[in-house]
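Secondary and tertiary structure notes
Listed below are the residues making up each chain.
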Amino acid sequence: MADWLAELRHRAELRAQAGLTRRLRPRAAGDAVVDLAGNDYLGLATHPEVTAAAGRALAAYGLGATGSRLVRGSTDAHHGLEAALADWLGVDAGLVFSSGYLANVGAVRALVGPGTLLVSDAHNHASLIDGCRISRAETVVVPHADPAAVAGALAAAPGRPAVVITESVFSVDGDLAPLAELHAVARRHGALLLVDDAHALGVLGPAGAGGVAAAGLAGEPDVVVTATLSKALGGAGGVVAGPAEFVRELTETGRTFIFDTALPPAVAAGVRVALGLARAGDDLRAELADRAGAAVRRLRAAGLTVAAPDAAVVSVTAPGPEAATAWAAACAARGVAVGCFRPPSTPDRRSRLRLTLSAGVPRADFERALDVIVACAP
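Read on for a plain summary of the structure. (Residues numbered from 1 in each chain as written. Predicted model: local features only at pLDDT ≥ 70, side-chain atom pairs only at ≥ 80, totals over all residues. Heavy atoms only, no water.)

**What to know about the sheet that holds strand β1 (residues 34-36)**
Keep this limit in mind: When DSSP finds at least two bridges between two strands, those strands are taken to pair. Secondary structure counts use DSSP, requiring at least four H or I residues in a row for a helix and at least two E residues in a row for a strand, with both numbered from the N terminus. Each axis is a line fitted through C-alpha atoms, and for a helix only the stretch in contact is used; angles between axes span 0 to 180 degrees, taken between their N-to-C directions. Residues are treated as being in contact if the distance between any of their heavy atoms lies within 4.5 Å.
The four strands are arranged β1-β10-β11-β9 in an open sheet whose pairing can be described as mixed. If you trace the sheet from one side to the other, it starts and ends with β1 and β9 (313-317), each paired once. Taken over all neighbouring pairs, the strand axes of this sheet differ in orientation by 30° on average, direction set aside. Of the pairings in the sheet, the one linking β1 to strand β10 (residues 336-341) comprises three bridges and is parallel in character. Considered in β10, the bridge of Leu36 is made with Val338. Against the sheet, helix α14 (residues 321-333) contacts β9, β10 and β11 (352-356), and its axis sits at roughly 165° relative to β10. Running over the sheet, helix α15 (residues 363-375) touches β1, β10 and β11 and is turned about 70° from β1.

Structure below.
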């Protein structure tokens, strides 16, 4: 036993030498930190109508769902949320999972049959990558946001069932995938398109219905949408949405759905109210867009390298992992929380700060946070 523990200590030392140590940092309720690291894009996690709905469901159902969805875990709150999500996304049906990670893994696995080829964007989230690996299907990783590369991969496998897999807004750099072009390529080759809409839902599209809706693809029979309920909706859980036949397949065969305890009913009830607020939140989306532009202007004026955001994720390049860690720590010491992304979490091996903007942060605090990020820059 001592040998394997010694090996783990050695691995930890190597990560520390490479600047890749990760630590848990608990936060107290109601802390005074300006949060540019979380994903509460619309500020709904603490909205009084959302927390009140969750409180009522907590009193009615108790702390947890007490079982998987197919045993005792399905409640009126779950079914109401699924119907509301399907209506918002413009699809036949939706199925709620306990996390966005499990929704992605389950969706990819359910789309794979004998001989299926998966064509995956190089910048896809870890949950999509793991879904490809768990499915055991042949996977071709194509250059980022490159419809021509996707077309080439599909053309090289004529007649095979295939699925093109992408995020809509990518979680590291915040750029938007060319969804309409990817769908056209997929359809031309008889392939399906799976889109993880996690960072676009609530932020882009008509009534905030996401990147798929913004691209005019809502309800297309060859498109499957996944999303997390933990970002713009301020809660937890995930959803897979699309044709009713596919949702039925997931319900009856999806291992990450069948064998997992259901999302707590209180969370489902709170998210459903948040969804209604998000649909009506055009003013919040306008504020997010304005802040994204302001952040880019302020940071570039200070000489920093900033990727142009398509939604509410702003990526700021750091010189390396140690510099990124020190930069984030310096910001935290001055009351500003920022995301710190380093290899292996970054698909291109570059380190950066990731700022996730929230309309729930007071404007004056947001502007002060930008000043802190500039002042602490390496």
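**Details of the nonpolar core**
Here is the rule we go by: What makes a nonpolar core is a set of buried Ala, Val, Leu, Ile, Met, Phe, Trp, Tyr and Cys residues whose side-chain atoms join them at distances within 4.5 Å. The rule is simple: take the accessible area with a 1.4 Å probe, protein chains only, and divide by the maximum for that residue type; under 20% is buried, over 50% is exposed, in between is partly exposed.
Within the largest apolar cluster, 68 residues are counted, with the highest numbers of intra-cluster contacts made by Leu233, Val316, Trp327, Val338 and Leu357. Here Trp327 is in contact with Leu304, Val316, Thr317, Ala318, Leu353, Ile373, Cys376, Ala377 and Pro378, once residues within four sequence places are set aside. In terms of nonpolar packing, the next biggest core, distinct from the first, is built from 24 residues, Leu117, Leu154, Phe170 and Ala177 among them.

**Description of a nonpolar patch on the surface**
Our working rule: Residues enter patches when their relative accessible area tops 30% and they take part in no salt bridge; the joining distance is 9 Å for like charges and 5 Å for the nonpolar side chains Val, Leu, Ile, Met, Phe, Trp and Tyr. Note that accessible areas follow from Shrake-Rupley with a 1.4 Å probe, and for residues the cover is restricted to the protein chains shown. Here a salt bridge means any side-chain nitrogen of Lys or Arg lying within 4 Å of a carboxyl oxygen belonging to Asp or Glu.
Taken together, the side chains of Trp4, Leu5 and Leu8 present a nonpolar region at the surface, about 270 Å² in accessible area. Residue class for Trp4 comes out partly exposed when judged on its relative accessible area of 47%.

**Points about the side chain of Asp173**
Here is the rule: Pairs of N or O atoms within 3.5 Å make up the polar contacts considered here, provided that, within protein, one atom can donate a hydrogen while the other can accept it, and that residues adjacent in sequence are counted only when both atoms are side-chain atoms.
Along the chain, Asp173 falls in the loop between β5 (162-167) and α8 (179-188). Of the polar contacts made by the side chain of Asp173, one reaches the side chain of Arg352; its length is 2.9 Å. Other than its neighbours up to four places away in sequence, Asp173 contacts Ala307, Val313, Ser315, Asp348, Arg350 and Arg352.

**Section: the sheet that holds strand β8 (residues 238-242)**
Judged by pairing direction, the sheet is mixed, and its seven strands sit side by side in the order β2-β8-β7-β6-β5-β3-β4 without closing on themselves. Each edge of the open sheet carries a strand with a single partner, namely β2 (93-97) and β4 (138-142). Between one strand axis and the next, the sheet turns through 20° on average, direction left out of account. Relative to β8, strand β7 (residues 223-228) runs antiparallel, the two sharing four bridges. What sits directly across from Ala227, in β8, is Val239. Across the face of the sheet, α8 comes into contact with β5, β6 (192-196) and β7 while running at roughly 155° to β6.

**Quick look at the pairing of β5**
Two faces belong to every sheet, and in a regular strand the side chains alternate between them. The condition that has to hold: For the handedness criterion, the strands are oriented away from the viewer, and a crossover whose path from the first strand over the helix to the second runs clockwise is classed as right-handed.
For β5, the tally of buried residues reaches six of six residues, placing the bulk of the element in the interior. Where burial is concerned, the two faces of β5 agree: the one with Ala162, Val164 and Thr166 and the one with Val163, Ile165 and Glu167 are both buried. Pairing between strand β3 (residues 117-121) and β5: four bridges, direction parallel. In the sheet register, Leu117 faces β5, and the bridge partner there is Ala162. Summarising the sheet, β5 and β6 pair through five bridges and their orientation is parallel. Within β6, the position partnered with Val163 by the bridge is Leu192. Remark: the β5/α8/β6 crossover connection has right-handed handedness.

**Things to note about α14**
Which entries qualify depends on this criterion: Multiplying 1.5 Å by the helix residue count minus one yields the expected span of that helix. Of all possible arcs, the one meant is that of the directions from the helix axis to the C-beta atoms.
Between the first and last C-alpha of α14 there are 18 Å, a value that for 13 residues agrees with the 18 Å anticipated at 1.5 Å per step. The set of residues buried in α14 consists of Pro321, Ala323, Ala324, Trp327, Ala328 and Cys331. When α14 is viewed along its axis, its buried side chains cluster within an angular range of 165° and face the same direction. Buried-residue contacts for α14 involve β9, β10, β11 and α15. A positive phi of about 85° marks Gly335, the residue just after α14.

**Brief notes about the packing of helix α7 (residues 147-155) against α8**
A pair of packed helices can be characterised by two numbers: the angle between their axes and the separation between those axes. To be explicit about the condition: Our angle categories are set so that under 35 degrees counts as roughly parallel, over 145 as roughly antiparallel, 65 to 115 as roughly perpendicular, and the remainder as oblique. Crossing handedness is read from the near helix: turned anticlockwise from the far helix by less than a right angle, it gives a left-handed crossing, and turned clockwise, a right-handed one.
α8 packs onto α7 with a crossing angle of 15° between their chain directions and a minimal axis gap of 9 Å. With respect to each other, α7 and α8 are oriented roughly parallel. In the packing of α7 onto α8, the handedness of the crossing is right-handed. Across the interface between the two elements, Pro147, Val150, Ala151 and Leu154 from α7 touch Glu181, Leu182, Val185 and Ala186 from α8.

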